[in-house]
Amino acid sequence: MSERKKNYLFLILGVAVIVLLDQVTKIVVVNNMELNESIPWIKDVFEIHYIQNSGMAWGLFKDQTWLLAIFSVVMIAGLLYVYNNVSEGKYYRLLRFLLLCIIGGAVGNLIDRIRLNYVIDFFYFKLIDFPVFNVADIFVTVSVILLLILLIFKYRKDLDVMLGDKVRLSDGTYVEKKSKKQRESTGSKEESAETKAEESEPDDDPESEAKEPDDSEKENDGDSLI
């Protein structure tokens, strides 16, 4: 299996795990709590508080479920495009992992919006009155923060690669994507030409060539004339 296929398999399995974890925790909350019920974990600091969020954090885009769903689909498609452009090479391993986490979280909340017309949230930092969130939000938020840090300090030269304009070679240099394809095409043509040339070369010792008689045969010919 090629490296690209392995990384896509890792993407599918990783997203599946995140979505499963997100959906299972939501089911547990819904089955064991009443809407707007709170269960303190750390008094006046952190609690489980079940709500149904029809918008985003801080009440943004409230009751705009389908608009947010469309935005999520577009975002996921964009992230998959970037993942495809960095789907090879150990250098992009951490970047692929963060993209996986963001995609998994986005899919988890998208399922809620399509299935329920709202998102189930239940983690609440009461101490700072932070907006109630869920497992999917954790994966998205933490991964986005780490991704921004990496884009500044590690992948600042790789924006063109992520957008599909350039590719990073194994020696660390960057070339236009078209240039790499042309090189690969030229290389394959040269290999094909060399193969054809080798096949067209005559054998060094063809069977059709007449064999010269050896000394013993010459002597026998001489004897027959006496």
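Rules behind the numbers
Residues numbered from 1 in each chain as written. Predicted model: local features only at pLDDT ≥ 70, side-chain atom pairs only at ≥ 80, totals over all residues. Heavy atoms only, no water. Core = buried A, V, L, I, M, F, W, Y, C linked by side-chain atoms within 4.5 Å. Buried < 20%, exposed > 50% of the residue type's maximum accessible area, 1.4 Å probe, protein only. Helix = DSSP H or I, 4+ residues; strand = E, 2+ residues; numbered from the N terminus. Contact = heavy atoms within 4.5 Å. Pairing = 2+ DSSP bridges. Lys, Arg positive; Asp, Glu negative; His and termini not counted. Salt bridge = Lys/Arg side-chain N within 4 Å of Asp/Glu carboxyl O.

**Q** Can you break down the nonpolar core residue by residue, with the values?
**A** One finds Val86, Leu95 and Leu99 to be the most contacted residues of the largest nonpolar core, which totals 25 residues. The element that contributes the greatest number of residues to this core is helix α3 (residues 93-116), accounting for nine residues. Other than its neighbours up to four places away in sequence, leucine 99 contacts Leu79, Val82, Tyr83, Val86 and Leu147. Phe46, Tyr50, Phe123 and Val135 belong to the second-largest nonpolar core, a separate cluster that totals ten residues.

**Q** Tell me about the pairing of strand β2 (residues 46-53), and name the residues and values.
**A** Burial analysis of β2 places seven of its eight residues in the buried class, the great majority of the element. What sits between the antiparallel neighbours strand β1 (residues 38-42) and β2 is a turn of three residues, in which aspartate 44 has the positive phi angle 60 degrees. Two strands pair when backbone bridges link them, and β2 and strand β3 (residues 119-125) are joined in this way by six bridges, in the antiparallel orientation. Along β3, the bridge assignment pairs glutamine 52 with isoleucine 120.

**Q** Go over the side chain of arginine 113 with me, naming the residues and quoting the values.
**A** Tracing the backbone shows arginine 113 in helix α3. Salt bridges are absent for the buried arginine 113, whose nearest opposite-charge side chain, aspartate 137, sits at 6.7 Å. Beyond its immediate sequence surroundings of up to four residues, arginine 113 is in contact with Gly55, Thr65, Leu68, Ala69, Ser72, Tyr118 and Val119.

Worth remembering: the numbers are spatial, not functional.
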